[in-house]
Structure formats: structure tokens, C-alpha cells
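Listed below, chain by chain, are the residues.
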Amino acid sequence: RVSPAAALSSRRQPLRQLALESCTSASAMASTPPVARKVLHELAEHGDVRLDSYYWLRDDSRSDPAVLAHLRAENDYTAALMSDVKHIEDEIFAEIRGRIKEDDTDVPLRRGQYYYYERTLTGKEYVQHCRRLVPTDGHITVFDAMPVGLDAPDEHIVLDENVKAEGHDYYSIGAFKVSPSGRLVAYGEDTNGDEAYTLYVIDAESGEYVGQPLKGVTSDIEWAGDDYLVYITMDSLHRPDKLVIVETISILR
């Protein structure tokens with residue numbers, strides 16, 4: 001008698017074998033992998049000199065033609081190497097995605113006079129940040145639950161990342177912080193993938209920008225009451241640099 005685990009392993013074995021054979025075949029057919037050229041670069045810090053022959057590959061602007069050409073060559077080589085198992089990759093991806101509930105809402109968090117939560121939509125890559133009024137001023141208990149349905153307070157989408165991501169090849173929000181009063185929202189936006197965020201403040205109701213954005217900050221953002229916003233700047237090497245406390249009144253100007 002064969003156990004379920006053994007039977008499952010037996011069914012998977014041909015797929016594994018096919019993948020290994022395909023990879024071997026593709027490896028033999030793939031062209032020679034691209035080799036990054038060496039350009040000697042000296043880095044001097046604290047009286048110490050370090051030599052880096054591949055420093056030229058660092059391109060924070062994501063626009064250097066030489067770097068982009070090398071990355072395209074790497075991608076082309078990888079595609080050629082894995083071409084024979086592309087259909088297996090697609091099958092695995094489809095199976096993984098099929099097990100994910102795309103249209104979903106996380107557990108609401110009650111803060112002040114609102115419930116806050118995130119929603120994901122079928123076919124969309126990013127979340128919506130939503131809130132709904134608490135219909136009562138009663139104390140929070142273990143039985144507290146956000147009302148839903150026709151009689152529930154209207155849902156308000158504070159920020160839709162799907163809309164913000166339009167026109168960007170990469171998009172990520174590293175922080176989403178609502179002020180204690182619920183009036184303002186501060187969030188850190190990264191459109192390059194370098195984790196150097198631009199800090200925006202918006203009106204929670206209208207979604208309109210408040211003040212000017214602050215560039216080159218980390219994703220560590222906090223409100224100190226309604227009067228102050230705390231964030232951390234980054235230096236030229238994208239390292240946390242200075243802690244800054246800015247008065248809300250200056251943001252509103």
C-alpha cells in the first residue's frame with residue numbers, strides 16, 4: 001500500500017526530471033554568459049582606500065546606457081537559459097496565483113473615529129487604503145467589529161495605490177501613517193526600487209496634496225500628535241542620516 005505522501009512524490013518526479021533535463025538542454029544551447037567589464041574605482045573612507053572594479057554598475061538614476069545594456073544582456077542570457085522550462089514556470093505561477101484570494105480585505109483596525117483597513121482587488125497589483133466611520137462612541141471590546149452592508153457607514157478610499165502606480169514600472173509605498181485626528185495622511189513613495197522614499201502628505205478626505213513633497217527619506221515616518229511629523233533623511237549613500245521633526249503648520253504652508 002502506497003502512502004499519499006509517496007504517491008504525491010511519485011507524481012511530481014516526472015515534472016522534476018523534465019525540468020532538470022530541460023535545464024541541461026537549455027544550458028548547452030545558451031550563449032556564453034555576459035561578463036561585466038572591470039573599471040578600477042577607489043573608495044576612500046576614514047583614511048582607508050578600497051578598490052571596487054564593478055562600482056560603475058551602481059546607477060541610482062537607472063539611466064546609464066552601459067549599465068542598462070549589461071542588464072539587458074543578463075536578462076537575455078537568463079531567458080535563453082530557461083527557455084525550455086518557461087511553460088513549467090507559467091504552470092507553477094498559475095497554480096500559486098490560483099490559490100491566492102485576490103479580492104480580499106484585511107482585518108480592520110479601529111483608531112479614533114474610524115476603522116482602517118486595506119483592500120486587494122482581483123487582477124490588481126496594489127492595495128487600496130480604506131476607512132469607515134465608527135457608528136458609535138462606545139468603548140472598544142473584544143466583540144468590536146466594523147459594520148458592513150447597506151446600513152453601514154460609507155467606505156472611503158483614502159489612497160488607491162493602483163492609481164498612484166500608473167505610469168511607473170516600479171511602485172511601492174513603504175509607510176502609510178494617519179495623523180491622530182484622522183485629518184492628514186503621510187506616506188512614503190518609492191518609484192525606483194532604491195528604497196529612497198519621497199514623503200507626501202495628503203488630506204485624508206479629499207486626497208489632495210498638502211505642502212511640498214520631501215525627497216530622500218527612509219520609510220520610517222511617525223506622527224507626534226497632530227502638530228509634528230517625524231521622519232529620517234538619507235545621505236548620498238542611501239543610509240539613514242538625520243532625524244527630522246517638522247511642525248505641521250509648516251507643512252500646511
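As a convention, each chain's residues are numbered from 1 in the sequence order in which they are written. With the structure being a predicted model, the display of local features is reserved for residues of pLDDT at least 70 and the display and counting of side-chain atom pairs for 80 or more, all residues being used for whole-chain, interface and lining totals. Excluding hydrogens and water, the side-chain values take into account all heavy atoms of the structure.

Quick look at the sheet that holds strand β11 (residues 214-224)
Then comes step 1: Pairing between two strands is assigned when DSSP locates at least 2 bridges connecting them. By the criteria applied, helices consist of DSSP H or I runs no shorter than four residues and strands consist of E runs no shorter than two, each listed in order from the N terminus. Pairing within the open sheet is antiparallel, and its six strands lie in the order β8-β9-β10-β11-β12-β13. Looking at strand neighbours, the two that pair on one side only are β8 (172-178) and β13 (240-247), the edges of this open sheet. Going from strand to strand, the sheet's axes swing by 30 degrees on average, the running direction of each strand aside.
Then comes step 2: In the sheet, strand β12 (residues 228-234) pairs with β13 via six bridges, with the strands oriented antiparallel. Bridged to M234 within β13 is P240. Orientation is described by lines fitted to C-alpha atoms, with helices fitted over the stretch in contact, and by angles between N-to-C directions that extend from 0 to 180 degrees.

Thoughts on the environment of D52
Then comes step 1: Mapped onto the elements, D52 comes out in the loop between β2 (48-51) and α2 (65-81).
Then comes step 2: Separated by 12 residues in sequence, D52 and L40 place their C-alpha atoms 6.0 Å apart.
Then comes step 3: Whether two residues touch is decided by their heavy atoms; if any such pair falls within 4.5 Å, the residues are in contact. Those residues within four positions of D52 in sequence are excluded, and the remaining contacts are V39, L40, H41 and L43.
Then comes step 4: Any N or O atom pair separated by 3.5 Å or less is treated as a polar contact, with the protein-specific requirement of one donor-capable and one acceptor-capable atom, and with residues adjacent in sequence counted only for side-chain atom pairs. A polar contact is formed between the side chain of D52 and the backbone nitrogen of Y54, at a distance of 2.9 Å.
Then comes step 5: Of note is the side chain of D52, whose polar atom sits 3.4 Å from the backbone nitrogen of Y55.

Details of α2
Then comes step 1: To estimate the expected span of a helix, count its residues, drop one, and scale the result by 1.5 Å. Here α2 spans 24 Å end to end across 17 residues, near enough to the 24 Å set by a 1.5 Å rise per residue.
Then comes step 2: Partly exposed describes any residue whose relative accessible area lies between the buried limit of under 20% and the exposed limit of over 50%, with all areas from a 1.4 Å probe on protein chains only and scaled to the type maximum. Buried within α2 are the following residues: V67, H70 and Y77. In a view along the axis of α2, the buried residues occupy a sector of 90 degrees, so they form one face of it. Pointing more than 90 degrees away from the buried face of α2 are the exposed residues P65, N75 and D76. In this description, one arc is meant: the one made by directions from the helix axis to the C-beta atoms.

What about the packing of aromatic side chains?
Then comes step 1: Only Phe, Tyr and Trp rings are paired, with Trp represented by its six-membered ring, and only when their centres lie within 6.5 Å; those with planes under 30 degrees apart are stacked, over 60 edge-to-face, the remainder tilted. For the structure shown, the criterion picks out four aromatic pairs.
Then comes step 2: One aromatic cluster in this structure is built from Y187, Y200 and Y209.
Then comes step 3: For a Lys NZ or an Arg CZ to count as sitting over a ring, it must be within 6 Å of the ring centre and within 35 degrees of the ring normal. Over the aromatic face of W56 sits the side chain of R37, whose NZ or CZ is 4.2 Å from the ring centroid.
Then comes step 4: If you follow R131 out to its NZ or CZ, it ends over the ring of Y114, 3.7 Å from the centre.

Remarks on the confidence of the model for the protein chain
Then comes step 1: pLDDT is a residue-level measure of predictor confidence that goes from 0 to 100. A residue-level look at the protein chain finds 85% of positions with pLDDT of 70 or above and a mean pLDDT of 86.
Then comes step 2: Element-level mean pLDDT values for the protein chain span from 48 in helix α1 (residues 4-29) up to 97 in helix α4 (residues 161-164).
Then comes step 3: Here residues 6-12 is a poorly scored stretch, pLDDT under 50, and it has two contacts once near neighbours within four places are set aside; other chains count.

Topic: the pattern of salt bridges
Then comes step 1: Whenever a carboxyl oxygen of Asp or Glu lies within 4 Å of a side-chain nitrogen of Lys or Arg, that contact is scored as a salt bridge. Following the criterion strictly, the structure yields 10 salt bridges and no others.
Then comes step 2: Between R97 and E102 there is a salt bridge, with its nearest N and O atoms 3.2 Å apart.
Then comes step 3: Here E222 ties to K177 by a salt bridge, and the two come within 3.2 Å at their closest N and O atoms. Taken together, the positions of E222 in strand β11 and K177 in strand β8 put the pair 45 residues apart, joining distant regions of the chain.

Quick notes on the pairing of strand β5 (residues 114-120)
Then comes step 1: Among the seven residues in β5, five count as buried, and that is most of the element.
Then comes step 2: Pairing between strand β3 (residues 104-105) and β5: two bridges, direction antiparallel. Bridge assignment links D104 to a residue of β5, and that residue is T120.
Then comes step 3: In terms of strand pairing, strand β4 (residues 109-111) meets β5 through three bridges, oriented antiparallel. Within the sheet, the bridge partner assigned to R110 lies in β5 and is Y115.
Then comes step 4: Between the antiparallel neighbours β4 and β5 lie two residues, among them G112 with a positive phi of about 65 degrees.
Then comes step 5: In this sheet, strand β6 (residues 127-133) lies alongside β5 in antiparallel orientation, the contact comprising seven bridges. Counterpart to Y114 in the pairing with β6 is L133.

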